[in-house]
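Structural overview for review
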Amino acid sequence: MKHYAITGGNALEGEVVIAGAKNAALGILAAAIMTDEKCVIENVPFVSDTRTLLKAIENIGAEVRYLDRHTVQICGKGIVGDESLSVDDEYIRKIRASYYLIGALLGKYKYANVALPGGCDIGSRPIDLHIKGFETLGAEVEISNGGKIVAKADKLKGEHIYLDTVSVGATINIMMAAALAEGKTTIENAAKEPHIVDVANFLNSMGANIKGAGTDVIRVRGVEKLHGAEYTMIPDQIEAGTFMAMAVATRGNILIKNVIPKHLESISSKLTDMGAKVIEYDDSVRVMADGKLKATQIKTLPYPGFPTDMQAQIAAALVLSEGTSIVIESIFENRFQYVPELIKMGAKIRVEGNTAIITGVSGLHGAKVEASDLRAGAALVIAALAAEGDSEIYDIDFILRGYEDFDDKIRSLGGIMEVIKTDD
Ligand code: UD1
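A short tour of the structure in this document, coming up. (Residues numbered from 1 in each chain as written. Predicted model: local features only at pLDDT ≥ 70, side-chain atom pairs only at ≥ 80, totals over all residues. Heavy atoms only, no water.)

1. Here's the deal with empty space enclosed by the protein
What the rule picks out here adds up to three cavities of 30 Å³ or more. Approximately 70 Å³ is the volume found for the largest cavity. If you trace the largest cavity, you find it lined by Ala21, Lys22, Asn23, Pro194, His195, Ile234, Pro235, Asp236, Gln237, Ile238 and Arg375. For the lining of the largest cavity, the per-class residue count stands at five nonpolar, three polar and three charged. For the second largest cavity, the calculated volume is near 40 Å³. Around the second largest cavity sit Thr308, Gln311, Ala312, Arg335, Tyr338, Asp373, Arg375 and Ala376, which together line it. (1 Å grid on protein atoms, 1.4 Å probe; cavity = no way out; pocket = protein on both sides within 12 Å on 5 of 7 lines; lining within 4 Å. Points joined across faces, edges and corners; volume = space filled by probe spheres on them. Nonpolar A, V, L, I, M, F, W, Y, C, P; charged D, E, K, R; others polar.)

Here it is, written out as structure tokens:
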């Protein structure tokens, strides 16, 4: 077991370099097996979610080689794409993005058999839209008793698909299967997140014909096969946003490097409303705050709205802002699990349905708290760094799913933080 021991109260200052985008990596690594040729992907974040997906890909016969810590070579030639193919191990059931293997395998082999996805417990997280998309393309999809999804088709045929909820996962999954379908697929009401564009760009570099990614209508003209490619992934919008919120909550001054400032606009705008200063450069942002912060209102929305994956971290800064802030979570129904933990640190928050009402306090104090999911865990780290005194944060495996070298990066900014290993 591991936990973080943090002594708060320091303003974090210095420079931090952001890793590749975890959620883009999960789509891109899955897409890489859609060709029998080698793909080399650079800027892959070295976090447990990507390593878990790579293990699953390796288990079904693909060759996976780390050329360096952030560069992965994948060759999908060794996968036997018949009915003996099954993606299931204790790890794959833990990650949400295992669902991308359904779209990738169905597209390439017209057959997929993948354990149902797990991931953070932040709401019901159905995959009905993914299934509807595959069925519209001509696949038969069944959910087995053992909690596996089996999708098969004689052939996939391009169609018009309307998503009645904007879904990142469904958009990417349908795009992957459609890339190797016959004819033209149109995905309407598609998600527009930066990682949708990144996965589409990667597939196009493999020979796919996808247009409109980043808008709400994506058009995919199916091709017969895909070829190998070399690709460098985008930086992680949420890791960057987390350090931005950390700079503000600790009244610090951080230069956040290797980012695409355009992807951070919704976050920059809210931090500016709160009284922080955000300066954008070509591929970095500087975030500074001192003195008093102001309350604000936030509603999570699909991109380009404020990301649900940043809701908890900005709340950790809002608890220290003057006045009453309102945070509305409109994507997932169970994303306020960090609230009781922040209250243990002295925050004043009331949750009513999908709304958190935060009354700013002048300071937090250290406490023993538990991370309930990845971003909730990041929020607790931010709060602990801003609090006076010592905190212990448990269940940090959630945090390691999505933040590379989190403690090293925070220490390099002057944060006092240790990873404590215990036997039990
Ligand atoms: C992805 C991200 C996650 C992020 C979320 C929203 C990955 C691996 N994860 O998750 O970090 O928080 O986008 O930006 O990229 N829905 C349905 N039916 C479906 C699919 C989704 O009703 O078949 C609903 C969900 O319950 C949710 C909303 O659609 O209310 C958005 O979910 P979605 O965008 O699909 O999230 P994920 O792909 O799970």
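2. Here we look at the sheet that holds strand S11 (residues 209-211)
A sheet is described by the order of its strands in space; here four strands give the open sequence S9-S10-S12-S11, paired in mixed fashion. Each edge of the open sheet is held by one strand with a lone partner, namely strand S9 (160-162) and S11. Direction aside, neighbouring strands of the sheet carry axes that sit 15° apart on average. In terms of strand pairing, S9 meets strand S10 (residues 184-188) through three bridges, oriented parallel. By the bridge assignment, Ile161 is partnered in S10 with Ile187. (Pairing = 2+ DSSP bridges. Helix = DSSP H or I, 4+ residues; strand = E, 2+ residues; numbered from the N terminus. Axes fitted to C-alpha atoms, helices over the stretch in contact; angles between N-to-C directions.)

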